[in-house]
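Per-entry structural report
Letter by letter, the chains look like this.
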There are 2 protein chains.
Amino acid sequence: MVESRLTGSVRVVGVGLLGTSIALGLRARGVDVILSDSSPTNVSIAIDYGAGRSASDADEPQLIVVCVPPDVTASVIVRELSAYPRAVVTDVASVKKPVLDAVITAGADVTRYVGSHPLAGREKGGPMSGRADLFLGRPWVVAGHSAISYQTAAAVDDLILDLGATLVEMTAEEHDQSVALVSHAPQVVSSLMARRLVSAPDAAVGLAGGGLRDVTRIAASDPALWVQILGANAAPTAEVLRGLRADLDEVLVALDGAASAGVDTGAGAVAPAARADRSVPVGSGSDAPTSTPTPIGWRRMLAQTLAGGNAGVARLPGKHGQDKRYAQLVVMVDDTPGELARLLTEMGEAGVNLEDLRLEHSPGAQIGLAEISVLPEAVERLTAELNARGWRIAG
Amino acid sequence: MVESRLTGSVRVVGVGLLGTSIALGLRARGVDVILSDSSPTNVSIAIDYGAGRSASDADEPQLIVVCVPPDVTASVIVRELSAYPRAVVTDVASVKKPVLDAVITAGADVTRYVGSHPLAGREKGGPMSGRADLFLGRPWVVAGHSAISYQTAAAVDDLILDLGATLVEMTAEEHDQSVALVSHAPQVVSSLMARRLVSAPDAAVGLAGGGLRDVTRIAASDPALWVQILGANAAPTAEVLRGLRADLDEVLVALDGAASAGVDTGAGAVAPAARADRSVPVGSGSDAPTSTPTPIGWRRMLAQTLAGGNAGVARLPGKHGQDKRYAQLVVMVDDTPGELARLLTEMGEAGVNLEDLRLEHSPGAQIGLAEISVLPEAVERLTAELNARGWRIAG
């Protein structure tokens with residue numbers, strides 16, 4: 001067993017997915033973990049799972065980790081600071097500035113509190129869903145402030161390193177603005193797009209492909225939880241969305257310009273005599289004069305938004321944001337156990353490394369499409385190899 | 001060889017990804033395919049790939065398939081209708097009403113033209129990227145109109161069935177409204193969200209997770225092509241986006257209400273005496289009076305958007321839209337060839353069918369996370385089985 005950096009007991013308040021996962025990770029390093037929850041049943045379950053022990057009057061925790069829903073996080077922190085006057089307290093809520101402000105306003109001893117936020121899992125799920133390895137390799141923000149000393153906050157750093165997460169330091173404001181951008185605004189955007197589908201005809205929805213599925217996947221998130229999260233980080237999220245709305249307004253101006261100009265499908269060829277001798281300008285933008293002048297340049301306005309999207313997605317870490325480095329191959333896979341494994345095994349036998357993989361199922365079909373990303377130089381060899389083994393390559 | 005339903009030659013104009021794929025699929029059924037392109041090099045390459053032959057003066061095609069970029073589709077259709085007065089002409093552009101209108105306005109013989117649109121591949125890529133199986137199981141819309149007879153249009157139906165696609169009939173207007181909803185508006189939304197990242201601090205972008213990656217994946221699309229597509233389908237796309245903007249405005253009103261109310265992190269506990277004896281109401285919504293009255297009910301407004309998103313995404317076909325039917329398990333996989341195959345093989349050995357799979361890579365880590373979807377009743381057994389074989393399960 002690798003020993004913990006922590007020297008004392010750790011009290012975990014709230015044994016949902018996050019709290020139980022923290023407790024299990026600490027237990028794996030031999031830490032004395034004390035479990036507390038407003039539900040005695042949850043505490044019993046977490047103890048059964050080996051996450052720690054129940055509280056006693058003699059407890060003197062070194063560190064308290066508050067893992068309760070966002071709407072009660074601050075009040076629980078205040079209570080814990082008061083009940084354990086020698087403990088350092090942290091929390092794992094996804095919003096940090098309002099929590100810190102509330103703790104300060106409540107007059108609590110903020111010299112022993114520093115907020116944190118692991119970017120892993122969800123703030124939902126019972127103790128049964130806890131995993132000791134949940135935080136391995138994930139960013140975990142510590143939102144420092146001037147009232148807590150480096151030495152006192154070190155216990156929180158130890159916790160994060162014990163659990164195998166990557167420590168990220170930023171202020172509470174920076175954190176809240178960051179998660180507004182990378183998590184809260186994307187949730188709203190996904191929900192807004194998915195909401196457009198509610199009253200759409202079946203035939204339209206039947207044409208949906210992988211792009212729409214990706215954009216709307218997180219729209220399946222739990223509304224009750226997200227009302228709390230968005231409510232707690234309302235101003236930073238609104239700021240991101242206002243920027244997006246300004247760009248959207250530009251797009252609408254551009255689309256209105258395009259609609260009134262109406263040249264993009266070759267409608268400029270309505271005077272066929274004038275273009276009869278024209279060779280097909282594949283891919284060229286037509287600069288033919290239009291009936292309605294569009295001085296703002298709708299093509300350029302649209303291109304700005306689309307190119308801005310290119311530039312934005314290219315900044316994302318991980319392989320999904322760098323798709324252009326890889327070539328994609330779509331292989332048909334029967335929807336039976338082991339078929340995809342066989343495909344990947346045969347790719348491995350061909351010595352080709354899988355860089356990314358996406359699955360797509362045609363509506364109602366007993367066949368799936370596996371989109372395989374590989375290095376561009378491997379495509380030809382892999383295609384030949386898979387064809388030789390009888391795989392059907394769809395694109 | 002399965003015989004073609006078509007009785008004559010097929011002329012394919014434009015041998016990019018779509019044109020070449022159509023040609024290859026028809027050649028596999030023994031059809032005489034004539035290839036044409038503004039680039040003689042592309043025609044030569046497509047011929048080398050076995051997609052057909054070059055044109056001759058004696059050609060009398062039964063069917064002509066126009067596969068050129070959207071901004072020249074209508075003019076090429078008009079030209080082909082005129083050059084081959086006995087052929088039926090179709091096209092594969094992703095927008096249908098403006099093309100039909102332009103062909104009618106040009107005075108062409110619209111009794112021999114019917115537009116179509118295969119929901120497969122992209123309108124981009126050279127003849128090298130063509131695949132005979134590209135359309136298998138994919139929807140392919142035929143946008144019928146009153147001027148073409150059922151009998152004449154039958155050649156287009158034969159083409160679609162020959163290529164293994166699923167025939168979907170709708171009007172040109174219905175088609176354009178449908179793709180505005182399921183393809184063009186999602187592209188704009190994804191680009192708008194990704195564009196927000198351009199000027200963000202590195203630290204913020206470093207916190208990005210799988211949700212943001214999904215929402216912004218198609219923001220990597222080619223701007224030049226999408227300016228054409230959006231320009232050609234401007235009005236229907238703008239209509240979808242205006243509906244989205246109205247919802248976004250509601251969300252902003254709600255967020256402003258939440259920001260001025262500011263109760264969601266337990267800040268209501270700023271009077272600690274009043275709540276000192278209060279047990280932690282996990283997950284309950286606080287109805288405490290707030291300093292700023294929000295008569296519109298910001299929680300309800302946010303919940304409507306989020307719940308609307310739930311309802312919308314649930315309508316999508318395929319397994320991604322039905323995630324709730326499955327339980328997810330996240331397994332750590334070394335980023336080396338064959339590791340994922342080994343995981344799936346061992347799942348197969350355990351008799352557990354893989355319902356869906358997503359890969360995620362931690363920034364800079366030599367380890368990936370495989371999110372496996374399985375039937376809920378299989379989770380316990382699979383977890384035990386994978387643990388026993390030494391796999392690390394992360395959540």
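Computed from a prediction, not measured in an experiment: that's the story for all the values here. (Residues numbered from 1 in each chain as written. Chains lettered and ligands numbered in written order. Predicted model: local features only at pLDDT ≥ 70, side-chain atom pairs only at ≥ 80, totals over all residues. Heavy atoms only, no water.)

Section: the pairing of strand 2 (residues 33-36) of chain B
All names here are of chain B. With burial as the criterion, each face of strand 2 is covered, one bearing Val33 and Leu35 and the other bearing Ile34 and Ser36. Bridge count between strand 1 (residues 10-13) and strand 2: four bridges; the pairing is parallel. Residue pairing for strand 2: Val12 is matched across the bridge by Leu35. The parallel pair strand 1 and strand 2 is bridged by helix 1 (residues 17-27), and the resulting crossover is right-handed. By the bridge criterion, two bridges tie strand 2 to strand 3 (residues 53-54) in an arrangement that is parallel. (Buried < 20%, exposed > 50% of the residue type's maximum accessible area, 1.4 Å probe, protein only. Helix = DSSP H or I, 4+ residues; strand = E, 2+ residues; numbered from the N terminus. Pairing = 2+ DSSP bridges. Right-handed = clockwise from strand over helix to strand, strands pointing away.)

Observations concerning helix 14 (residues 379-388) of chain B
Residue and element names in this part refer to chain B. Those residues of helix 14 that fall on the buried side of the exposure criterion are Val379, Leu382, Thr383 and Leu386. Seen along its axis, helix 14 keeps its buried residues to an arc of 100°; they face one direction. For helix 14, exposure combined with an orientation more than 90 degrees from the buried face picks out Glu380 and Ala388. The positive-phi residue at the C-terminal boundary of helix 14 is Gly390, with phi of around 90°. (Arc of directions from axis to C-beta.)

Looking at the sheet that holds strand 7 (residues 139-144) of chain B
All names here are of chain B. The strand order across the open sheet formed by three strands is 6-7-8, and the pairing between neighbours is mixed. Two strands lie at the open edges of the sheet, namely strand 6 (115-118) and strand 8 (166-171), each paired on one side alone. Between one strand and the next, the sheet's axes are offset by a mean angle of 25°, whatever the strand orientation. (Axes fitted to C-alpha atoms, helices over the stretch in contact; angles between N-to-C directions.)

Remarks on the environment of Glu349 of chain B
All names here are of chain B. In this structure, Glu349 sits in helix 13 (residues 339-349). The class for Glu349 is exposed, based on a relative accessible area of 53%. Along the sequence, Glu349 and Val205 sit 144 residues apart, while their C-alpha atoms lie 40 Å from each other.

Focus: the sheet that holds strand 4 (residues 63-66) of chain A
Pairing in this open sheet of five strands is parallel, and the strands run 3-2-1-4-5 (chain A) from one edge to the other. In this open sheet, the two strands that pair with only one neighbour each are strand 3 (53-54) and strand 5 (88-91) of chain A.

Describing the packing of helix 6 (residues 172-195) of chain A against helix 12 (residues 298-314) of chain B
Look at helix 6 of chain A against helix 12 of chain B: their axes get within 7 Å of each other, and the N-to-C directions meet at 55°. Overall, the two elements helix 6 of chain A and helix 12 of chain B adopt an arrangement that is oblique. Taken as a pair, helix 6 of chain A and helix 12 of chain B cross one another with a handedness that is left-handed. Residues Gln187, Ser191, Leu192, Ala194 and Arg195 of chain A of helix 6 of chain A touch helix 12 of chain B, and the partners they reach there are Gln304, Thr305, Leu306, Gly308, Gly309, Gly312 and Val313 of chain B. (Parallel < 35°, antiparallel > 145°, perpendicular 65-115°, else oblique. Left-handed = near helix turned anticlockwise from the far one by under 90°. Contact = heavy atoms within 4.5 Å.)

Some remarks on the confidence of the model for chain A
Residue and element names in this part refer to chain A. Taken as a whole, chain A shows an average pLDDT of 84; of its residues, 84% reach a score of 70 or greater. This stretch, residues 267-294, has a pLDDT under 50; its non-local contacts, to residues over four places away or in other chains, come to 31 contacts. Contacts of residues 319-324 to residues separated by more than four positions or lying in other chains number 16 contacts, the stretch itself having pLDDT below 50. Prediction confidence for the complex, expressed as pTM and ipTM, is 0.75 and 0.75 respectively. (pLDDT = per-residue confidence, 0-100.)

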